[in-house]
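For reference, the chains in residue letters:
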Amino acid sequence: MGIKEELGSVLALQREYSSDLNEAMRARGQLIRHSLPASLALYSEDMRVGIGLEPGDLLIEGRDGLGRRSLVPWVRFASKNLSPRATLGWYVVFLFREDGAGVYLALAHASKEGAAGGFVARSESERRRLVRWARDLLIDEIGTDDRLSNQMELGQGDLALAYESTTATSYYYPSHDLPNELQISSDLRAMAGRLGRIYAGRSAQIQTGETSLDVISALDAIELATSGRAFRGQGYGLTPAERRVVELQAMAAATKYFSSQGYEVQDTSSHQSYDLKLTRGLETAFVEVKGTTGQLGDVVLTRNEVDHHLACYPNNALFVLHGIKLSDSTSGPIANGGISNVQMPWRVDQERLQPIAYRYRIE
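Conventions used here
Residues numbered from 1 in each chain as written. Predicted model: local features only at pLDDT ≥ 70, side-chain atom pairs only at ≥ 80, totals over all residues. Heavy atoms only, no water. Axes fitted to C-alpha atoms, helices over the stretch in contact; angles between N-to-C directions. Helix = DSSP H or I, 4+ residues; strand = E, 2+ residues; numbered from the N terminus. Parallel < 35°, antiparallel > 145°, perpendicular 65-115°, else oblique. Contact = heavy atoms within 4.5 Å. Nonpolar A, V, L, I, M, F, W, Y, C, P; charged D, E, K, R; others polar. Phe/Tyr/Trp six-rings, centres within 6.5 Å; stacked < 30°, edge-to-face > 60°. Buried < 20%, exposed > 50% of the residue type's maximum accessible area, 1.4 Å probe, protein only. Pairing = 2+ DSSP bridges.

Looking at an unreviewed UniProt entry, one finds the protein chain named DUF3578 domain-containing protein, with Stenotrophomonas lacuserhaii as its source organism.

**Student:** Looking at this structure, I do not really get the packing of helix α1 (residues 3–14) against helix α7 (residues 181–200). What am I missing?
**Tutor:** For any two helices packed against each other, one specifies the inter-axial angle together with the distance between the axes. Packing of α1 against α7 brings their axes to within 8 Å, and their N-to-C directions diverge by 90 degrees. Taken together, the axes of α1 and α7 are roughly perpendicular relative to one another. Of α7, the residues touching α1 (which contributes Ile3, Lys4, Glu5 and Leu7) are Glu181, Ile184 and Leu188. Within the contact of α1 with α7, the residues separate by chemical class into four nonpolar, no polar and three charged.

**Student:** Would you take a moment to explain the packing of aromatic side chains for this structure?
**Tutor:** Aromatic rings considered in pairs are described by the distance between their centres and by the relative angle of their planes. Scanning the model with the defined rule gives seven aromatic pairs in all. Here the aromatic rings of tyrosine 257 and phenylalanine 258 are separated by 5.0 Å at their centres, their planes lie at 80 degrees, and the arrangement is edge-to-face. By relative accessible area, which is 30% here, tyrosine 257 ends up partly exposed. For the ring pair phenylalanine 258 and tyrosine 263, a centre distance of 6.3 Å and an interplane angle of 75 degrees mean the geometry is edge-to-face. Given the relative accessible area of 0%, phenylalanine 258 is considered buried.

**Student:** Can you walk me through the sheet that holds strand β11 (residues 316–322) in this structure?
**Tutor:** Sheet strands pair via backbone hydrogen bonds, and the direction of the pair is either parallel or antiparallel. Here five strands make up an open sheet; going across it, the order is β8-β9-β10-β11-β14 and the pairing mixed. At either margin of the open sheet sits one strand with a lone partner, and together these are β8 (264–267) and β14 (339–343). Averaged over neighbouring strand pairs, the angle between their axes works out to 25 degrees when direction is ignored. The sheet contact formed by strand β10 (residues 283–291) and β11 spans six bridges and is parallel. Directly across from glycine 291, in β11, lies its bridge partner leucine 321. Taken strand by strand, helix α10 (residues 240–260) contacts β8, β9 (276–280), β10, β11 and β14, and its axis lies near 125 degrees from that of β11.

Encoded structure:
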């Protein structure tokens, strides 16, 4: 059998699911643990090269539960070094719907993590952070491949919901219309390439914690300026020209918003530690403006910006334009769109401040 036929057989057996090891579950286990991994191994060199792994570093495995049978079996491939087990790191995985209606080929992260000798579910904020980072990193591909989806419906069980929450993007194969072997092999190579991008950007993701590309850019600049060594995640941030058009797009959106609220708006970004000065009658307020191509997450603040807004609260605001789209033109990058988030007044929560560089004075 090929991968298409094996996927179809697993989906048919899903409809006979039992937590006990009956005949149907034995047959499903054979497919998940042995047949499907063996079929995937036929494409192992394509997947290894697509990810960018050294020879011998590709892992292919399937699991359907220990003892009690799992309602959502899976088969995955990953780096042995970066994801030696399904509870660690990123991988590409076939996830089967509980009801057997279809299967997803997903780019996903471990939904659990080690703790006190066992495993616990990752926090909701941690899952959101990981998925948001991956989607930001792959935003161009996700936006241009109509078959990719950020939505997943595996079922109602805890395991299904956990897998859904840690999937960045996926292809969906309905049981009544499974793709042919050529399409599946093409999808495997495409997903391998995306997993490679995730692995390549992994050091930046760990360094920043949140990782909009804008924050990675800031870290790039700090690392280069202070040490002369390129930051390990370099290449995944924005170029200076891209950062500039993102900033201008955010400033234009902020000016338009506050003007619509009846304020007189003055651009002070070139000579003050705040970006806009607002006046309305006797009222004066100061605005910090940030733009990001990613989703609403972390932004970079200088010490002067933090000090100023701590001092002028509550006569201040934070304006963030997120989800800005970048495109190329003959004259350079162009920024469009974006979604506004306004906090006014803006209380700087010092518990949310995380240092990304230090000045050290040598006596």
